[in-house]
Amino acid sequence: MSRASGLAPGEARAPGPTYQEAILLDSSKPPEPFLDYSYAFMGDEDIPYSNYTSKDFAEAEFSRMWPKVWQVACREEHVAEAGDYHVYDIGHLSAIVVRTGSGEIKAFRNACMHRGTALKPSQSEGNCQNFRCPFHAWIYNLDGELVDLPESWDFPHVKVGGADATHNLRPVKVGLWGGFVFINFDLEAEPLEKWLGVFPAHLDRFRIQDRYIETAVTKRLPVNWKAAEEAFMEAYHVKETHAGGRDYSEPITTYDVYPDNVNRFIHTTGAANPRMPRQPTQQELMEQIWGRRGSAEGPCPVVAEGETARDVYARIIQKQLGEQYDQDFSRYSTAQTLDSIEYFLFPNLFVFPGLSLPMVYRFRPDPDNPDFSFFDLFILRPKHPQFPPPPPPEPLFLDVEDSYTKSEGLGFLGPIYDQDTNNMAAQTRGFKTCARGGQTLGNYQEIRTRHVHKRVNDYVKGNP
Ligand code: FES
Ligand SMILES: [Fe+2]
């Protein structure tokens, strides 16, 4: 269709309204950033499969990219009290994030300055008064200063304390936004605020810092970290992967890219889509949404004349979640209540500010094998205005073969994540045998994938 239309590459759009037009039919006013458009054509060359499969490419990422990019190490609630620490590993790098005695959050490279021993185990957390190396018991305080050097008579070349101390822990840069603790191993890195681009302007209003972690799952995935991210970056796959090819299933989606590190999609739930073979009534739309919730939900609500299925369903969700979390969610717009609102911050963070889909994703490469990665999935809920939230849960670890349905907290999302995961091992196999040598992307719907590769290449090729 776009071929015959005479449009320039990237100008074609799915038939029917844009996402921005569709949500203006809601009875509530959508948040203003949802109405923004920010697409730009970025070329249509294939993306080489070697970017995913090659050990050399992965090594280039480990040496040139991961040590220089801002990334989320943990949430602030992981280090709530003085002495709380949390270890974040990325590739072969490891950082200890700690709440110091003065309440500040600091981070250090997780390595003793004597003979390099990691001071704390990978991905561990806990509370301590100081960092005591398990090898020879050099002790560092929570500010990273070497404060005790056993048998110091043997180390006249090590200066302990004072401005010219030689063996304090090496700092890692820290930045805070939205309740997340970001770190950067590059002490010369630009400030986090600059890295975030439009993130705060779009998302501050949703107060992600006032949410707590309800569910945490880490799963090992059988695919390169970039392909793992890309599995969640478009809604093009929804019809085949999640809806068994059914015709009513296509959401209406906007894809947007912002300089230099942000992109997003937002897609509708329960809106009529002109790609459906026959235009459903609002009541039929309601039945479609309701049908997906399973039979336990009781009879399908009636959509009164002049109302839309989206507005009716949004009110039901607000009421149900309001009762469940003892809060008033009625001020949320229909779009924020129902839609899949997914913001991405390069290289590996996804934040969903929506009410019914309140996820955070983080992807990490496997340090030893580019064909595998780790997917840290969190469900964040709004904190109760009066009562303190529960402490962050221990993440449930799922290996490659484990189903997401093992996590109770994921609820109806478990089978959906399994459907996404099912494509991954097949993709890794295909990457290695596909005669084309690279993947072909849709200009609009897969622009976010192209954006990720552009930014990775900026680093790998040395020109970020
Ligand atoms: S390696 Fe840490 S005290 Fe010796
Ligand atoms: Fe999916």
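In this text the structure is predicted, and so the values were computed from the model without any measurement.

**Q** What's the story with the pairing of strand 12 (residues 211-221) in this structure? I'm lost.
**A** As judged from the 10 bridges shared by strand 12 and strand 18 (residues 373-382), these two strands associate in the antiparallel manner. Paired with Leu-221 across the bridge in strand 18 is Ser-373. One ladder, built from 3 bridges, connects strand 12 with strand 19 (residues 396-398); its direction is parallel. By the bridge assignment for strand 19, Thr-218 is matched with Phe-397.

**Q** I tried to follow the environment of Ala-12 on my own but got confused; where do I start?
**A** Tracing the sequence through the fold places Ala-12 in the loop between helix 1 (2-5) and helix 2 (19-23). Residue Ala-12 is classed as partly exposed on the basis of its 15 C-beta neighbours within 10 Å. C-alpha separation for the pair Ala-12 and Tyr-444, spaced 432 residues apart in sequence, amounts to 7.6 Å.

**Q** Honestly, the sheet that holds strand 18 in this entry has me stumped. Any pointers?
**A** As a general point, the strands of a sheet are linked pairwise by backbone hydrogen bonds and lie either parallel or antiparallel. Taking strand neighbours across the sheet as the criterion, the 8 strands line up as 13-14-15-16-17-18-12-19 in an open arrangement whose pairing is mixed. If you trace the sheet from one side to the other, it starts and ends with strand 13 (253-258) and strand 19, each paired once. The average angle at which neighbouring strand axes cross in this sheet is 15 degrees, direction not considered.

**Q** Looking at this structure, I do not really get helix 12 (residues 413-431). What am I missing?
**A** In an α-helix there are 3.6 residues to a turn, and that puts residues three or four apart on one side. The first and last C-alpha atoms of helix 12 sit 27 Å apart over 19 residues, in line with the 27 Å expected at 1.5 Å per residue. Those residues of helix 12 that sit buried are Tyr-417, Thr-421, Met-424, Gln-427, Thr-428 and Phe-431.

Each value, and the rule that gives it
- Residues numbered from 1 in each chain as written.
- Chains lettered and ligands numbered in written order.
- Predicted model: local features only at pLDDT ≥ 70, side-chain atom pairs only at ≥ 80, totals over all residues.
- Pairing = 2+ DSSP bridges.
- Helix = DSSP H or I, 4+ residues; strand = E, 2+ residues; numbered from the N terminus.
- Buried ≥ 20, exposed ≤ 12 C-beta atoms within 10 Å, placed from the backbone.
- Axes fitted to C-alpha atoms, helices over the stretch in contact; angles between N-to-C directions.
- Expected span 1.5 Å × (residues − 1).

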